[in-house]
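# Analysis of the macromolecular model
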Amino acid sequence: MAYLVMMAPRLYELHRVLKKTGTLYLHCDPTMSHYLKVLLDAIFSAENFRNEVIWKRTSAHNRVSRFGPVHDVLLAYGKSAKPTWNTTYMEYDAEYLESEYGMTDEHGRRFTTADLTSANPGSKYPWGSLDGPPGHRYWGVSLETMKQLEADGRLYYTRNGVPRKKNYADEMPGMKAMDVWTDIPPLSSKAAERLGYPTQKPLRLMERIIQASSNPGDVILDPFAGCGTTVDAAQKLGRSWIGIDITYISVDLIIKRLQATHGSSVMDDVDVDGIPYDMASARKLFERSPFDFERWAVSMIHAQPNEKQVGDKGIDGVRRFIIDHRTVGKVLVSVKGGKNVGPTFVRDLAGTVAQARDAQMGVLITLNDELTPGSQHVVDTSGIWTHPGNKQDYPVLQHISVRELLAGRRPNLPVALAPYIAAQRGVEIVDQGKLFG
C-alpha cells in the first residue's frame, strides 16, 4: 500500500506531461503488476492499455514448493488511442530457421524460396527450358527483373526447371516482436555493460522500448534513472532525453557512463541540475542530505563512495590504485561537513589507515576551508608512504577543502582506478570491482 501511495501521484504527473502520441512503460515484477495495472487503468483509462509484456529476466530461479519466478512485467499505456508505434523485430529462433529457411547455399546461408508466377494476367516470356510459366499462370516479374535475379544468383530451380526467388534469412528483419520477450538475457556478472548497480537493466531492453514507441528527436523521460541505462539507450538512438534520480550517486554515475560510452564531449549538450557547482550549492547539499554530500565529495577525487551510512568507522569512500600487477592499494577517504574537525578525529583517521592491512593513505575532505592548528599538525606529521613501483613519495594523510575541489585542485595521489565504469568503447579503465559491495 505504501508503494502504491508513493507511485500514484508520480504516475498522475507522468500522465500529465506525456505527449498525446507518447507511451508510458512501467517495469515491475508479478508481486505488484496487478495492483499497478488497476492504478494505471484509473489514471490512463483502460482503453489506453497497450500491452503487458513478459520479459524473461533470468534463466533459473529454483523454488521448492512452487514454479520458479523467472520473469518481470512491462505495462505499457498510451496517452491516446494512437500513440507512436514502430514495428520491432526479434531474431529468428533455431526452430523457426530450421522449418522456414531449411535450405542453404554454397556459403552456408539459409534461404527459402518464393513463387515467381502469378494468376493475374502478365508476361509469358520463355525462360530456360520453359516456353513460359507452367500451367495457366503468368510470370510475376518482368523479363528484366528475371535477368537481374539470375545475374545476382537469386534464382532457385525446381526439378521441372521452374525458377523461384531465393529469400535469405540474414536479409530479413526477423520475427515481429510479440508480448513475450525471451531473447534479451539479463546482465551476467561478466557482462561488459554491467556497473554493479542492483536494478540495472540490459541496454537492449531499453533500446527495444525506445525504438518501438518513439522516433529520432523525440524526448525520452526516465523519472527513476538509476544507473542511466535509459538515457544511454536514448543517446545512442538519437533521442533527446531527461533523466531524474533522487540520489547524487546515480547522477554522478550517469555522467561517467555517458562520458565513457559516448566520449567526454557528450556532456557539452547536457545540462546537469542538482550537483554542487559553488560553495553555496555545496552547503545546500550538505544541509539537505549529509550522506549525499559525502558521496559527492568522495566522487570528486575519483573514489568509490560507501553504499551505506552506518558502520563505516568514519570512512566514507575508498580510492583504489595499482601497486603492482598483483596488488591494488587503497586510499581511505573521510568527509566532514561540520564547522570544526578536532585533532582526535584526525588521529582516529590516521590510526584507521595504519591498522588497515590494505590501505596506504588517507584523505580528509572538509566543507571548512582550513583545519584547526591541532588537526593540521596531525596531518603534517602523519608521515610519508613511498610507492614501491614508481618510488614516488606521498603523504600518509592529506587534507583538501571543498572550495579547493570546486576550483579544480586534487590531492597528490597515485593514478586512480576508475570508480564506476568498465566501458565498452576502449577507454583506458581498469577493473575496479562493483559499485556497491
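Below you will find a few notes about this structure. What you see is a predicted model; the values in this text were computed from it and never measured.

## Re the packing of aromatic side chains
Across all of its chains, the model carries 12 aromatic pairs by this definition. The interplanar angle of 45° and the centroid separation of 5.9 Å between the aromatic rings of Phe-293 and Trp-296 together place this pair among those described as tilted. Residue Phe-293 and its partner Trp-296 are both found in helix α9 (residues 290-300); the two are separated by 3 residues, about one turn of the helix. On the basis of relative accessibility, which here comes to 0%, the residue Phe-293 falls in the buried class. Of the residues examined, Trp-296 reaches a relative accessible area of 0% and is grouped as buried. On the numbers, 5.7 Å between centres and 70° between planes, the contact of Phe-321 with Trp-385 is edge-to-face. Pair noted here: Phe-321 is in strand β16 (residues 317-324) and Trp-385 is in strand β19 (residues 384-386), with a separation of 64 residues, a long-range link. Aromatic rings pair up to connect Phe-44, Phe-49 and Tyr-77 into one cluster. Positioned over the ring face of Tyr-168 is Arg-109, at 3.9 Å from the centre of the ring. Directly above the ring of Tyr-138 sits Lys-124, whose terminal nitrogen or CZ lies 4.8 Å from the centroid.

## Here's the deal with the sheet that holds strand β10 (residues 163-168)
Strands sit in the order β5-β6-β10-β9 across an open sheet of 4 strands; the sheet is antiparallel. Of all the strands in the sheet, the pair left with one neighbour each is β5 (103-104) and β9 (155-157). Where strand β6 (residues 110-115) and β10 come together, 5 bridges link them in antiparallel fashion. Directly across from Phe-111, in β10, lies its bridge partner Tyr-168. Against the sheet, helix α4 (residues 143-151) engages β9 and β10, with an angle of about 90° to β9.

## Quick look at unusual backbone geometry
Phi at His-302 is positive, roughly 60°, even though this residue is not glycine. Along the polypeptide, His-302 turns up in the loop between α9 and β15 (304-305). Overall, His-302 belongs to the partly exposed group, its relative accessible area being 41%. The backbone phi angle of Lys-391 is positive, close to 60°, even though this residue is not glycine. Within the secondary structure, Lys-391 sits in the loop between β19 and β20 (393-395). For Lys-391, a relative accessible area of 60% gives the class exposed.

## Things to note about the pairing of β16
Alignment of β15 against β16, held across 2 bridges, turns out to be antiparallel. Bridged to Gln-304 within β16 is Val-318. Taken together, the 7 bridges between β16 and strand β17 (residues 327-336) define a ladder with antiparallel strand orientation. Within β17, the residue paired with Val-318 across the bridge is Leu-332. A loop of 2 residues connects β16 with β17, the two strands running antiparallel in sequence.

## Let's talk about the packing of helix α1 (residues 2-17) against helix α2 (residues 33-44)
At their nearest, the axes of α1 and α2 sit 10 Å apart, and the two run at 35° to each other. Here the hand of the crossing between α1 and α2 comes out right-handed. Where α1 abuts α2, its residues Tyr-3, Leu-4, Ala-8, Leu-11, Tyr-12 and His-15 lie against Tyr-35, Leu-36, Leu-39, Leu-40, Ile-43 and Phe-44. Of the residues contributing to the contact of α1 with α2, the split by class is 11 nonpolar, 1 polar and no charged.

## What about the environment of Lys-166?
Along the chain, the position of Lys-166 falls in strand β10. On the accessibility criterion, Lys-166 (11% relative accessible area) is buried. Those residues in contact with Lys-166 that lie beyond four places of it in its chain are Phe-111, Thr-112, Gly-153, Arg-154, Leu-155 and Tyr-156.

## A look at the nonpolar core
Residues Trp-181, Phe-293, Trp-296, Ile-365 and Val-402 are the most contacted members of the largest nonpolar core, which totals 65 residues. Not counting the four nearest positions on each side in its chain, Trp-181 is found in contact with Val-53, Ile-54, Trp-55, Lys-56, Leu-74, Met-90, Leu-205, Arg-208 and Ile-209. Leu-18, Cys-28, Met-32 and Leu-75 belong to the second-largest nonpolar core, a separate cluster that totals 17 residues.

## Structural notes on a nonpolar patch on the surface
A cluster of nonpolar residues, Val-17, Val-219, Leu-221, Ile-242 and Ile-244, forms a patch on the protein surface that exposes about 420 Å² of accessible area. For Val-17, the position within the fold is in helix α1. On the basis of relative accessibility, which here comes to 47%, the residue Val-17 falls in the partly exposed class.

## Topic: α1
For α1, spanning 16 residues, the distance from its first C-alpha to its last is 24 Å, which sits close to the expected 22 Å at 1.5 Å a residue. Within α1 the residues assigned to the buried category are Leu-4, Met-7, Leu-11, Leu-14 and His-15. Of the surrounding elements, those touching the buried residues of α1 are β1 (23-28), α2 and β13 (219-222).

## Points about a negative patch on the surface
A surface patch of like charges, here negative, comprises Asp-268, Asp-269, Asp-271 and Asp-273. Residue class for Asp-268 comes out exposed when judged on its relative accessible area of 64%.

## Things to note about the sheet that holds strand β18 (residues 361-366)
One open sheet holds the 5 strands; their spatial order is β15-β16-β17-β18-β21, and the pairing between them is mixed. Strands at the two margins of the open sheet, each flanked by one partner only, are β15 and β21 (397-401). Taken together, the 6 bridges between β17 and β18 define a ladder with parallel strand orientation. Counted as the bridge partner of Val-333 is Val-363 from β18. Against the sheet, α9 contacts β15, β16, β17 and β18, and its axis sits at roughly 135° relative to β17.

Parameters and conventions
- Residues numbered from 1 in each chain as written.
- Predicted model: local features only at pLDDT ≥ 70, side-chain atom pairs only at ≥ 80, totals over all residues.
- Heavy atoms only, no water.
- Phe/Tyr/Trp six-rings, centres within 6.5 Å; stacked < 30°, edge-to-face > 60°.
- Helix = DSSP H or I, 4+ residues; strand = E, 2+ residues; numbered from the N terminus.
- Buried < 20%, exposed > 50% of the residue type's maximum accessible area, 1.4 Å probe, protein only.
- Lys NZ or Arg CZ within 6 Å of the ring centre and 35° of its normal.
- Pairing = 2+ DSSP bridges.
- Contact = heavy atoms within 4.5 Å.
- Axes fitted to C-alpha atoms, helices over the stretch in contact; angles between N-to-C directions.
- Left-handed = near helix turned anticlockwise from the far one by under 90°.
- Nonpolar A, V, L, I, M, F, W, Y, C, P; charged D, E, K, R; others polar.
- Core = buried A, V, L, I, M, F, W, Y, C linked by side-chain atoms within 4.5 Å.
- Patch = residues over 30% accessible without salt bridge, like charges linked within 9 Å, V, L, I, M, F, W, Y side chains within 5 Å.
- Areas by Shrake-Rupley, 256 points an atom, 1.4 Å probe, with all protein chains shown as cover.
- Salt bridge = Lys/Arg side-chain N within 4 Å of Asp/Glu carboxyl O.
- Expected span 1.5 Å × (residues − 1).
- Lys, Arg positive; Asp, Glu negative; His and termini not counted.
- Charge placed at Lys NZ, Arg CZ, Asp CG, Glu CD.

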